[in-house]
Amino acid sequence: SFIFIQDFSQAMSQAGSSQFQEVIRQELEYSMKVELDKILATAHSNEIEHTKKDLEGFKKLFHRFLQEKGPSVDWGKIQRPPEDSIQPYEKIKARGLPDNIASVLNKLVVVKLNGGLGTSMGCKGPKSLIGVRNENTFLDLTVQQIEHLNKSYNTDVPLVLMNSFNTDDDTKKILQKYSHSRVKIYTFNQSRYPRINKETLLPIAKDVSYSGENTECWYPPGHGDIYASFYNSGLLDNLIAEGKEYIFVSNIDNLGATVDLYILNHLMNPPNGKRCEFVMEVTNKTRADVKGGTLTQYENKLRLVEIAQVPKAHVDEFKSVSKFKIFNTNNLWIALSAIKRLQEKNAIDMEIIVNPKTLDGGLNVIQLETAVGAAIKSFENSLGINVPRSRFLPVKTTSDLLLVMSNLYSLNAGSLTMSEKREFPTVPLVKLGSSFTKVQDYLRRFESIPDMLELDHLTVSGDVTFGKNVSLKGTVIIIANHGDRIDIPAGALLENKIVSGNLRILDH
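In this text the structure is predicted, and so the values were computed from the model without any measurement.

## Quick word on the pairing of strand β11 (residues 278-284)
Among the seven residues of β11, six are classified as buried, and the element is accordingly described as predominantly covered. Where β11 meets strand β14 (residues 326-335), seven bridges bridge the pair, whose relative direction is antiparallel. Residue pairing across strands places Val 282 opposite Asn 328, the latter belonging to β14. With four bridges connecting them, β11 and strand β17 (residues 383-386) associate as parallel partners. Note that in β17 the partner of Glu 281 across the bridge is Ile 385.

## Remarks on the domain arrangement of the protein chain
In terms of domains, the protein chain is made up of domain 1 (73-389) and domain 2 (396-498). Inter-centroid distance (C-alpha atoms) of domain 1 to domain 2 is 30 Å. Contacts between domain 1 and domain 2 engage 18 residues on the former and 18 residues on the latter. Roughly 1,400 Å² of surface becomes buried between domain 1 and domain 2 when both sides are summed, with 58% attributable to carbon and sulfur atoms. Considering only the surface of domain 1 that becomes buried against domain 2, Met 121, Val 132 and Arg 133 emerge as the three largest contributors, covering 41% of it. Counting the contacts that link domain 1 with domain 2 gives one salt bridge. A salt bridge links Asp 253 to Lys 396, with the shortest nitrogen-to-oxygen separation between them at 2.9 Å. Remark: the boundary between domain 1 and domain 2 carries six residue pairs in polar contact (both at pLDDT 80 or more). Looking at the side of domain 1 that touches domain 2, the elements that each hand over two or more residues are β3 (131-133) and α5 (138-153).

## A word on the confidence of the model for the protein chain
When pLDDT is averaged across the protein chain, the result is 90; 94% of the residues are at 70 or more. Low pLDDT, under 50, characterises residues 1-8; the predicted model gives this stretch zero contacts beyond four residues in sequence or across chains.

## A word on unusual backbone geometry
The backbone phi angle of Glu 299 is positive, close to 50°, even though this residue is not glycine. One can find Glu 299 in the loop between β12 (294-298) and β13 (301-305). Here Glu 299 falls in the partly exposed class, since its relative accessible area comes to 49%. Phi at Asn 346 is positive, roughly 55°, even though this residue is not glycine. With respect to the secondary-structure elements, Asn 346 resides in the loop between α11 (336-344) and β15 (353-358).

## Regarding the environment of Ser 209
Locating Ser 209 in the fold gives a position in the loop between β8 (196-197) and β9 (218-219). For Ser 209, a relative accessible area of 29% gives the class partly exposed. The spatial distance from the C-alpha of Ser 209 to the C-alpha of Leu 28 is 24 Å, given a sequence separation of 181 residues. For Ser 209, the contacting residues outside a window of four places in its chain are Arg 192, Asn 214 and Trp 218. In terms of polar contacts, Ser 209 uses its side chain to reach the side chain of Asp 207, at 2.7 Å.

## Focus: the UniProt feature "binding site: substrate" (unreviewed entry) in the protein chain
The positions that UniProt labels "binding site: substrate" (unreviewed entry) are, in the present scheme, His 223. Residue placement: His 223 occurs in the loop between β9 and α7 (226-232). Among residues more than four places away in sequence, those in contact with His 223 are Leu 113, Met 162, Asn 251, Asn 330, Thr 370, Ala 371 and Val 372.

## Examining the packing of aromatic side chains
The geometry of an aromatic ring pair is captured by the separation of the ring centres together with the interplanar angle, meaning the angle of the planes. One pass over the full model with this rule turns up 15 aromatic pairs. Positioned above the aromatic ring of Phe 318 is the side chain of Lys 285, whose terminal nitrogen or guanidinium carbon lies 5.2 Å from the ring centre. A cation over a ring is seen here: Arg 303 above Tyr 298, with NZ or CZ 4.3 Å from the ring centre.

## Here's the deal with the side chain of Asn 251
As for its position among the elements, Asn 251 is in strand β10 (residues 246-251). Residue Asn 251 is classed as buried on the basis of its relative accessible area of 17%.

## Here we look at α5
When the terminal C-alpha atoms of α5 are compared, their 23 Å separation across 16 residues agrees well with the 22 Å that a helix rising 1.5 Å per residue should span. What α5 keeps buried is the set Phe 138, Leu 139, Asp 140, Leu 141, Thr 142, Val 143, Gln 145, Ile 146, Glu 147, Leu 149 and Asn 150. Downstream of α5 by a residue or two, Asn 154 has a phi angle that is positive, lying close to 55°.

## Remarks on the sheet that holds strand β1 (residues 86-88)
Backbone-to-backbone hydrogen bonds join strands into a sheet, with any given pair of strands oriented parallel or antiparallel. The eight strands lie next to each other as β1-β17-β11-β14-β10-β2-β5-β6, forming an open sheet whose pairing is mixed. One side of each edge strand has no neighbouring strand; the edge strands of this open sheet are β1 and β6 (185-189). Between one strand and the next, the sheet's axes are offset by a mean angle of 25°, whatever the strand orientation. Where β1 meets β17, three bridges bridge the pair, whose relative direction is parallel. If you follow Ile 86 over to β17, its bridge partner there is Gly 384. In the packing of α5 onto the sheet, the strands contacted are β2 (108-114), β5 (159-163) and β6, and the crossing angle to β5 comes to about 155°. Across the face of the sheet, α11 comes into contact with β10 and β14 while running at roughly 90° to β14.

## Some thoughts on the sheet that holds strand β25 (residues 493-501)
Pairing in this open sheet of four strands is parallel, and the strands run β20-β21-β23-β25 from one edge to the other. Bordering the open sheet on either side are β20 (429-432) and β25, each of which pairs with just one other strand. Averaged over all pairs of adjacent strands, the angle between strand axes in this sheet comes to 15°, irrespective of strand direction. Where β20 lies against strand β21 (residues 451-461), four bridges are found, and the strand directions are parallel. Note on β21: the bridge partner recorded for Leu 432 is Val 460. Running over the sheet, helix α12 (residues 398-405) touches β20 and β21 and is turned about 130° from β20.

Parameters and conventions
Residues numbered from 1 in each chain as written. Predicted model: local features only at pLDDT ≥ 70, side-chain atom pairs only at ≥ 80, totals over all residues. Heavy atoms only, no water. Buried < 20%, exposed > 50% of the residue type's maximum accessible area, 1.4 Å probe, protein only. Helix = DSSP H or I, 4+ residues; strand = E, 2+ residues; numbered from the N terminus. Pairing = 2+ DSSP bridges. Domains from an automatic or database assignment. Contact = heavy atoms within 4.5 Å. Buried area = accessible area lost by both parts, 1.4 Å probe. Salt bridge = Lys/Arg side-chain N within 4 Å of Asp/Glu carboxyl O. Polar contact = N/O pair within 3.5 Å; in protein donor to acceptor, adjacent residues only side chain to side chain. pLDDT = per-residue confidence, 0-100. UniProt positions renumbered as here; feature names shortened; annotations may be inferred. Phe/Tyr/Trp six-rings, centres within 6.5 Å; stacked < 30°, edge-to-face > 60°. Lys NZ or Arg CZ within 6 Å of the ring centre and 35° of its normal. Expected span 1.5 Å × (residues − 1). Axes fitted to C-alpha atoms, helices over the stretch in contact; angles between N-to-C directions.

Below, the structure written as structure tokens:
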């Protein structure tokens, strides 16, 4: 019988392995449908409508996930983008601004991606509520920027927050404090999708609830979900009805992503008369950005290629700073009418990102996600704009937080700009060790933020604290060995120094 089975499987693989795979696919889809129907049956009457929409969206994504095989790009087809498809920012700025900039601004909506939690920085709750500068949070700074814009030009640019089920309640509570500010603030929620067991490919959730022990059963499916959830919320149609034409989308933790009037003018008054439906801001790679997605030409369209889509044999080539010189900042300008048109035709094509996770109990799950920038190939007349690095200032870690809290930047109307006293425009490379990962530990270790105007490189490892008014210049490396502690005394100046071992200054 063994021989028979072997022959049978060979015959299957030669004749109909695709048929066999199709049967398995159909069975998986059917089992998924049964499970999702069971989950939907547990919804209260007021939840049914949006739960149904979420699960329908998930089903489509799952169907595509089962269809796709291997990396989603054919490396041989990747070409450098044509010269004119990525414009230098200087060229766009050189056109100047029209007199009626207010009427152009009134067609704009600012959208911030606000679905993330501050877990990577040891915080509970929305990342946007972490204090960044003089007690101001990411959200405070965003509101201040837009309020300043509306006051300066007498305009009505609204702010839209895309929340997730993780951040919605906490964010809405905070929004009351802006009720008197000169910014209309709207929110909508991205979808809530079920995590699936890596082995069975079935949902681990048994009902719709997502509190208590069920919090781990659900996830927000990446920022690519913005198109469907913005459309489904009804907000997209309302904004179009108000005469809005473009959204400027960015991550709420990117402090460099302020409204740029030159880019907006380029969109509204294109030099060749043909409007772009999608603009992606890209910036030059440094060694720190080798994993960022890059813009390429693929089958005659601009296409965002992420590291996860690259065949293993070509990953090093993808990371090379010489071949792929730019990366996506995730600052995007998109035409509202185009989102509506493509969404209604179900024509927004984004690659699926399979994100594996291990839950607290050790269960391996996968979550299927998409990225907002990947849709660039579905829009007409897309464009990349190579912007200055200052428009990309993300705060992902406490090392980033140290930079933006320091005197390297000055704060003006919610916007951070590099201090004029810094002699070179690049940011120092800062690496804080694991004792600094959580925001509260980080804050405890600095009595005040050091002077970093002349710093090139800082590495700190182990149990280290900084007194008040410390100055760091050049390259500074501070390493406390295991079990030792280093206290940098108040007023210390460290210039091109390596400090290691054990240093404690005791008051007497």
